[in-house]
Amino acid sequence: ACTVEPSLYTVKAVLILDNDGDRLYAKYYDDTYPTVKEQKAFEKNIFNKTHRTDSEIALLEGLTVVYKSNIDLFFYVIGSSHENELMLMAVLNCLFDSLSQMLRKNVERRALLENMEGLFLAVDEIVDGGVILESDPQQVVHRVALRVLQSAKEQIKWSLLR
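For the structure given in this document, a descriptive report is provided here. (Residues numbered from 1 in each chain as written. Predicted model: local features only at pLDDT ≥ 70, side-chain atom pairs only at ≥ 80, totals over all residues. Heavy atoms only, no water.)

## Considerations on the packing of aromatic side chains
Working step 1: This model, assessed by the stated rule, comprises six aromatic pairs.
Working step 2: Summarising the aromatic geometry, the rings of Tyr28 and Tyr33 are spaced 6.4 Å apart at their centres and angled 70° between planes, so their arrangement reads as edge-to-face. With respect to burial, Tyr28 and Tyr33 carry one shared label: buried.
Working step 3: Ring pairing ties together the aromatic residues Tyr28, Tyr33 and Phe42, which thus form one cluster.
Working step 4: In this structure, Lys68 is placed above the aromatic ring of Phe96, and the distance from its NZ or CZ to the ring centre is 4.6 Å. (Phe/Tyr/Trp six-rings, centres within 6.5 Å; stacked < 30°, edge-to-face > 60°. Buried < 20%, exposed > 50% of the residue type's maximum accessible area, 1.4 Å probe, protein only. Lys NZ or Arg CZ within 6 Å of the ring centre and 35° of its normal.)

Written as structure tokens, this is what we have:
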């Protein structure tokens, strides 16, 4: 029997695609797809396989993919084929619920594009280098708000020092 050593590195990628399958956000945590060309080909493949289905889990190119769609967005969390789908789903739900709170339940393309900084910060709070750090959306939203506030304070400080 082949056993796989447990690892904290559970997430291989977090993707958000629009309803044409084009990338709005992509963060890859390993070199499964080292070039942008390979990443975009994978993203097109994943979109073509999932955009017409109602399921939440797919096995694709030897990877476990959990996904969810909302209005004109498709959210994906990708792990290895032996990864626990529930762990990946916890990341997906945390990301979606965090964005839902941050965007005041208006989780759609335009609102997301207007709040990319919040998206970047949220993903960084949830996953770091492929390791899941947080699965509670309340905590993520709180930490993102603190980081945005800190950033605003820095900008004000530097504008006053000019």
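## Examining unusual backbone geometry
Working step 1: Unusually for a residue other than glycine, Ile71 sits at a positive phi of about 50°.
Working step 2: Secondary-structure assignment places Ile71 in the loop between β4 (63–70) and β5 (73–80).
Working step 3: Overall, Ile71 belongs to the exposed group, its relative accessible area being 69%.
Working step 4: A positive phi angle, near 65°, is found at Lys105, a position not held by glycine.
Working step 5: A residue is classified by how much of its surface remains accessible, and Lys105, at 69% relative accessible area, is exposed. (Helix = DSSP H or I, 4+ residues; strand = E, 2+ residues; numbered from the N terminus.)

## Quick look at the packing of helix α2 (residues 85–102) against helix α4 (residues 116–126)
Working step 1: Orientation of α2 relative to α4, taken along the N-to-C sense of each, is 145°, at an axis distance of 10 Å. Relative to α4, the crossing made by α2 is right-handed. Contact with α2, carried on its side by Val91, Cys94, Leu95, Ser98, Leu99 and Met102, involves Gly118, Leu119, Ala122, Val123 and Ile126 of α4 and no other residues of that element. (Axes fitted to C-alpha atoms, helices over the stretch in contact; angles between N-to-C directions. Left-handed = near helix turned anticlockwise from the far one by under 90°. Contact = heavy atoms within 4.5 Å.)

## Quick notes on α4
Working step 1: By the criterion of burial, α4 is predominantly enclosed, with eight of the 11 residues buried.
Working step 2: Residues Met116, Gly118, Leu119, Leu121, Ala122, Val123, Glu125 and Ile126 constitute the buried set of α4.

## Some remarks on empty space enclosed by the protein
Working step 1: This model, assessed by the stated rule, comprises one cavity of 30 Å³ or more.
Working step 2: Empty space within the largest cavity amounts to approximately 30 Å³.
Working step 3: Lining the largest cavity are Lys12, Ala13, Tyr28, Asp30, Thr32, Tyr33, Phe42, Leu63 and Ile78.
Working step 4: Partitioned by chemical class, the residues of the lining of the largest cavity number six nonpolar, one polar and two charged. (1 Å grid on protein atoms, 1.4 Å probe; cavity = no way out; pocket = protein on both sides within 12 Å on 5 of 7 lines; lining within 4 Å. Points joined across faces, edges and corners; volume = space filled by probe spheres on them. Nonpolar A, V, L, I, M, F, W, Y, C, P; charged D, E, K, R; others polar.)

## Topic: the nonpolar core
Working step 1: Core analysis: the largest hydrophobic core is formed by 31 residues, its most contacted members being Val11, Ile16, Phe75, Leu95, Leu99, Leu112 and Leu119.
Working step 2: Of all the secondary structure elements, the ones that give two or more residues to this core are β1 (13–18), β2 (23–28), β5, α2, α3 (109–114), α4 and α5 (137–161).
Working step 3: Among the elements that make up this core, the one with the highest residue count is α2 (eight residues).
Working step 4: For Ile16, the residues in contact, after removing those within four places along its chain, are Asp22, Arg23, Leu24, Tyr25, Leu73, Phe74, Phe75, Leu99, Leu112 and Leu119.
Working step 5: Counting residues in each nonpolar core, the second largest holds 16 residues, with Leu15, Tyr28, Ile46 and Tyr67 among its members. (Core = buried A, V, L, I, M, F, W, Y, C linked by side-chain atoms within 4.5 Å.)

## Some thoughts on the sheet that holds β5
Working step 1: Ordered in space as β2-β1-β5-β4-β3, the five strands form an open sheet in which the pairing is antiparallel. Looking at which strands have only one partner, the edges of the open sheet turn out to be β2 and β3 (57–60). Averaged over all pairs of adjacent strands, the angle between their axes in this sheet comes to 20°, without regard to strand direction.
Working step 2: Across five bridges, the pairing between β1 and β2 is antiparallel. Note on β2: the bridge partner recorded for Val14 is Lys27.
Working step 3: Contacting β1, β3, β4 and β5, α2 crosses the sheet at an angle of about 25° to β4. (Pairing = 2+ DSSP bridges.)

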